[in-house]
Amino acid sequence: MQLLSAYLKHHDTDTELVELIEILMVACKEIALQLREGALAGIHGTTEDTNIQGETQKKLDVISNDILKEVLLGNRLVRGVASEEEDNPVFGHPEGRFLVTFDPLDGSSNIDINVSVGTIFSILEVPEGAGEDSVDLFLQPGRRQVAAGYVLYGPSAVLALTTGTGVNMFTLAHTGDFLLTRENVQIPHSTKEFAINMSNHRHWEPAMRNYIGDLLAGAEGPREKNYNMRWIASMVAEVHRVLTRGGIFTYPWDSRDPRKPGKLRLMYEGNPMSLLIEQAGGRSTTCYSDILDVDPQNIHQRVAVALGSKEEVETLMHYHQETPSIIQQ
Ligand code: P6P
């Protein structure tokens, strides 16, 4: 079994990027340890605070965020970080080459019920000729990411990582090492499994209602096959399932708050997950266009997401091309 750092070096990964990924994993190992303690550590439950998203912060959201900030901002390679749990980016070394965005503990509403959660991360480079510390340094389209991945804290802790030449998975061993357990992950192009929060059905665009309705019609319907459904309410677990066996995961626009393009955040959920999915031969879109091409306007902006098996996502996009959108631009 190959160690993470040996694998990356063997594949000629930029040595400073390898160093950054290694320290990211130091933080994720600490988060995994805190999670393993569970209720014993007295860190379940919520704080009195809400984040910029208006979500009540779980104690472990804050703990995970602090671990990542401390480890990353303590390294000379890191110019700054942006987090779901921070109103604004936090800057570190003025000469730092990299910017890191992250959702420190995605799916944290699942912590108290002991269901899988994860850390999602995205690595960008400081643009050539960039000036002062500013949020603008981060506002780069997802195709500019130099690396992206997540650590899923499930029955085992698994890192899924891309540095732009495919997706590989590494499992955290009891020794504290991440060992290669899946190389060059490829998503099946077709699927019979979809993931969506069905309780929002009445709020979706007509195109999404038509698409899902045809999946539910099964073999007797226009798709001519029976589908299965999953919904874990942890994007990291959903994406891991899609990378592992195919499928489509979608959190589309809905009319509950028509001004919001979607629930999920572009810079530290949509973009990193989209790079992984594309690198594994899948497709990741807003339902209308590729997420990696979205031009970010603000660090916490939201995005509609439909990602997974290429043929299935392209079929969903076709439904959206055929039916006029009701979203006010
Ligand atoms: P809902 C978790 O809060 C999250 O951001 C994603 O991880 C997950 O896919 C989604 O929201 C779940 O949303 O509305 O089903 O609770």
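**Q** So what's going on with the overall build of the protein? Which residues, and what values?
**A** Per the secondary structure count, the protein includes seven helices and 17 strands. The C-alpha radius of gyration computed for the protein amounts to 19 Å, which stays within 12% of the reference 20 Å derived for 329 residues, consistent with globular compactness. Oriented by its inertia axes, the alpha-carbon framework of the protein measures out at about 55 × 45 × 45 Å. Carbon and sulfur atoms make up 48% of the accessible area of the protein, which totals about 14000 Å². Between the mean site of the 28 positive side-chain charges and the mean site of the 45 negative ones, the protein shows a separation of 5 Å.

**Q** Which residues make up unusual backbone geometry, and what values go with them?
**A** A positive phi angle is found at Asn114, which is not glycine, with a value near 60°. Inspection of the secondary structure puts Asn114 in the loop between strand E5 (98–106) and strand E6 (117–125). The exposure class of Asn114 is exposed, given its relative accessible area of 72%. Phi is positive for Ala233, close to 65°, though the residue is something other than glycine. Here Ala233 shows up in the loop between strand E12 (228–230) and helix H5 (235–245). Exposure remark for Ala233: the relative accessible area of 39% places this residue in the partly exposed category.

**Q** Hey, could you go over the side chain of Asn75 for me, with residue numbers and the actual values?
**A** Relative to the elements of secondary structure, Asn75 occurs in the loop between helix H3 (59–73) and strand E3 (78–83). For Asn75, a relative accessible area of 9% translates into the label buried. In this structure the side chain of Asn75 is engaged in a polar contact, spanning 3.3 Å, whose partner is the side chain of Glu19. Residue contacts for Asn75: discarding those within four places in its chain leaves Glu19, Ile23 and His93.

**Q** Mind laying out the site of the ligand, listing which residues take part and the relevant values?
**A** Near the ligand lie 13 residues; those nearest to it are Asp106, Asn197, Met235, Tyr251 and Lys263. Between the ligand and Tyr251, the relevant distance is 2.6 Å, taken from an oxygen atom to a side-chain nitrogen or oxygen of the residue. Protein contact buries 84% of the 390 Å² of open area that the ligand shows by itself. Spatially, the ligand is embedded in the second largest pocket. Going through the elements one at a time, strand E13 (248–251) and strand E14 (264–265) are the ones with two or more residues in the shell around the ligand. Classifying every residue of the shell around the ligand by side-chain character gives six nonpolar, three polar and four charged.

**Q** Can you explain the packing of H5 against helix H6 (residues 266–279)? Please cite residues and give values.
**A** Relative orientation of the contacting elements H5 and H6 amounts to 10°, with a least axis distance of 11 Å. Overall, the two elements H5 and H6 adopt an arrangement that is roughly parallel. On H6, the residues that touch Met235, Val236, Val239, Val242 and Leu243 of H5 are Glu269, Met273, Leu276 and Ile277. Residue composition of the contact of H5 with H6, by class: eight nonpolar, no polar and one charged.

**Q** Which residues make up the pattern of salt bridges, and what values do they have?
**A** Applying the stated criterion across every chain, the model contains 20 salt bridges. Arg79 is the partner of Asp133 in a salt bridge, and the nearest nitrogen-oxygen pair spans 2.8 Å. Residue Asp133 is found in the loop between E6 and strand E7 (147–153), and its partner Arg79 is found in strand E3; the two are separated by 54 residues along the sequence. Close ionic contact of Asp254 with Arg256 constitutes a salt bridge, the shortest N to O distance being 2.8 Å. If you follow the salt bridges from partner to partner, you end up with Arg143, Glu278, Arg283, Asp290, Asp293, Lys310 and Glu314 in one network.

**Q** Before we move on, could you go through the sheet that holds E13 and cite the residues and values that matter?
**A** Strand order across the open sheet formed by five strands is E12-E11-E13-E17-E15, with mixed pairing between neighbours. With one partner strand each, in any of the chains shown, E12 and strand E15 (283–285) form the two edges of the open sheet. The average undirected angle you get between the axes of adjacent strands in this sheet is 15°. Relative to strand E17 (residues 305–308), E13 is paired through four bridges, and the arrangement is antiparallel. Residue pairing across strands places Phe249 opposite Leu307, the latter belonging to E17.

**Q** Break down the packing of helix H2 (residues 15–37) against H3 for me, with residues and values.
**A** At a minimum axis distance of 9 Å, the contact between H2 and H3 shows a crossing angle of 155°. With respect to their mutual orientation, H2 and H3 come out roughly antiparallel. For H2 against H3, the interelement crossing comes out right-handed. Counting all contacts with H2, which are made through Leu20, Ile23, Leu24, Ala27, Glu30, Ile31, Gln34 and Leu35, the residues of H3 involved are Leu60, Ile63, Ser64, Ile67, Leu68, Val71 and Leu72. Of the residues assigned to the contact of H2 with H3, the class counts are 12 nonpolar, two polar and one charged.

**Q** Would you mind going over the layout of surface pockets in detail, with residue names and values included?
**A** Its boundaries defined by the atoms lining it, the largest pocket holds a volume of some 460 Å³. Taken together, 21 residues make up the lining of the largest pocket; nearest its centre are Trp253, Pro261, Ala304, Ile327 and Gln329. Among the residues making up the lining of the largest pocket, the classes are represented as 12 nonpolar, five polar and four charged. Each pocket or cavity is described by its volume, and for the second largest pocket that value is around 400 Å³. Together, 24 residues line the second largest pocket, and Glu55, Gly107, Ser109, Ala233 and Lys263 are the ones closest to its centre. Looking at the lining of the second largest pocket, the elements with two or more residues in it are strand E2 (56–58), E5, E13 and E14.

Conventions used here
Residues numbered from 1 in each chain as written. Predicted model: local features only at pLDDT ≥ 70, side-chain atom pairs only at ≥ 80, totals over all residues. Heavy atoms only, no water. Helix = DSSP H or I, 4+ residues; strand = E, 2+ residues; numbered from the N terminus. Rg over C-alpha atoms; globule rule 2.2 N^0.38 Å. Areas by Shrake-Rupley, 256 points an atom, 1.4 Å probe, with all protein chains shown as cover. Lys, Arg positive; Asp, Glu negative; His and termini not counted. Charge placed at Lys NZ, Arg CZ, Asp CG, Glu CD. Buried < 20%, exposed > 50% of the residue type's maximum accessible area, 1.4 Å probe, protein only. Polar contact = N/O pair within 3.5 Å; in protein donor to acceptor, adjacent residues only side chain to side chain. Contact = heavy atoms within 4.5 Å. Near = heavy atom within 4 Å. 1 Å grid on protein atoms, 1.4 Å probe; cavity = no way out; pocket = protein on both sides within 12 Å on 5 of 7 lines; lining within 4 Å. Sits in = over half its atoms within 2 Å of the grid points. Nonpolar A, V, L, I, M, F, W, Y, C, P; charged D, E, K, R; others polar. Axes fitted to C-alpha atoms, helices over the stretch in contact; angles between N-to-C directions. Parallel < 35°, antiparallel > 145°, perpendicular 65-115°, else oblique. Salt bridge = Lys/Arg side-chain N within 4 Å of Asp/Glu carboxyl O. Pairing = 2+ DSSP bridges. Left-handed = near helix turned anticlockwise from the far one by under 90°. Points joined across faces, edges and corners; volume = space filled by probe spheres on them.

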